[in-house]
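# Chain and residue survey
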Amino acid sequence: MSLRLFAALPVPEEIGAGLVRLQKGVPGARWRPVENFHITLRFFGEIDERMAEDLDAELANIQMAPFTVRLKGAGWFGKADPRALWLGVEAGEAVATLAGKCERAARRAGLTPETRNFHPHMTIAYLRGTPVDKANRFTQRASDLETEAWMATHFSLYSSWITRGDANIYEAEADYPLA
């Protein structure tokens, strides 16, 4: 049996609840539910249970102090064919440092290195057939967004279950404290 896994910082529910007001006015948007809001540190993909156990052990060894995070600004992925709307992450170098530690943990567990550059963000919607001007309008509307800051005290290993039509189901399999 294999698991579809990723490491992420959860977005506190009280922060997420305030973002729901942004979820309108974009044709083709499949808005993410508040319980799915997170900042991905590393997507691991489909891995078998043995490798998942090795990955869990490596992630548990990560040491890093807690840090302050906030969501700020917005954008989209996909250039001429928008495929996702995102909110930016402001956390100094801390999020990138933690993502790098997750990458090294993945390599020690035997996973293939990530080839894409890390871009800290929180996906708020996936898009299908959304015109560029509508994605741009969302970005302009959310450009001055700045949430309250929160303290990242842990990150989690999530499993992801793909569903048809609805949002994927994410379940925290393990939490790793930042101390």
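Residues numbered from 1 in each chain as written. Predicted model: local features only at pLDDT ≥ 70, side-chain atom pairs only at ≥ 80, totals over all residues. Heavy atoms only, no water.

## Some points on the overall build of the protein
When helices and strands are counted, the protein shows four helices and nine strands. Secondary structure elements of the protein, listed N to C terminal, follow the sequence β-α-β-β-α-β-β-α-β-α-β-β-β. At 16 Å, the protein has a C-alpha radius of gyration in line with the 16 Å of a compact globule built from 179 residues. In terms of principal-axis extent, the alpha carbons of the protein reach across some 45 × 35 × 25 Å. Looking at the protein as a whole, 46% of its 179 residues are labelled buried. Counting every atom, the protein has about 9600 Å² of accessible surface; 49% of that belongs to carbon and sulfur. Side chains of the protein give 21 positive and 23 negative charges; the mean places of these two sets differ by 9 Å. (Helix = DSSP H or I, 4+ residues; strand = E, 2+ residues; numbered from the N terminus. Rg over C-alpha atoms; globule rule 2.2 N^0.38 Å. Buried < 20%, exposed > 50% of the residue type's maximum accessible area, 1.4 Å probe, protein only. Areas by Shrake-Rupley, 256 points an atom, 1.4 Å probe, with all protein chains shown as cover. Lys, Arg positive; Asp, Glu negative; His and termini not counted. Charge placed at Lys NZ, Arg CZ, Asp CG, Glu CD.)

## Side note on a nonpolar patch on the surface
There is a patch of nonpolar side chains on the surface, built from Met1, Trp161 and Ile169 and spanning about 360 Å² of accessible area. Among the secondary structure elements, Trp161 is positioned in strand β8 (residues 154-161). Classification of Trp161 as partly exposed rests on a relative accessible area of 38%. (Patch = residues over 30% accessible without salt bridge, like charges linked within 9 Å, V, L, I, M, F, W, Y side chains within 5 Å. Salt bridge = Lys/Arg side-chain N within 4 Å of Asp/Glu carboxyl O.)

## Some words on the packing of aromatic side chains
Pairs of aromatic rings are described using the distance from one ring centre to the other and the angle between the two planes. Applying the stated criterion across every chain yields a total of five aromatic pairs. With a centroid separation of 5.9 Å and an interplanar angle of 40°, the aromatic rings of Phe77 and Trp86 are classed as tilted. Note on Trp86: relative accessible area 14%, which makes it buried. With 5.0 Å between their ring centres and 35° between their planes, Phe155 and Tyr176 make a pair best called tilted. Remark: Tyr176 occurs in strand β9 (residues 169-177) and Phe155 occurs in strand β8; sequence separation between them is 21 residues. (Phe/Tyr/Trp six-rings, centres within 6.5 Å; stacked < 30°, edge-to-face > 60°.)

## Looking at helix α4 (residues 132-141)
Here α4 has its buried residues at Ala135, Phe138 and Thr139. Buried residues in α4, looked at end-on, bunch into an arc of 100°, giving them a common side. At its buried positions, α4 is contacted by β2 (29-31), β4 (67-77), β5 (84-90) and β6 (121-127). (Arc of directions from axis to C-beta. Contact = heavy atoms within 4.5 Å.)

## Quick look at the sheet that holds β4
Here five strands make up an open sheet; going across it, the order is β2-β6-β5-β4-β7 and the pairing antiparallel. Two strands lie at the open edges of the sheet, namely β2 and β7 (150-152), each paired on one side alone. On average, each strand axis in the sheet is tilted by 40° relative to the strand beside it, whichever way the strands run. As judged from the five bridges shared by β5 and β6, these two strands associate in the antiparallel manner. By the bridge assignment for β6, Ala84 is matched with Tyr126. (Pairing = 2+ DSSP bridges. Axes fitted to C-alpha atoms, helices over the stretch in contact; angles between N-to-C directions.)

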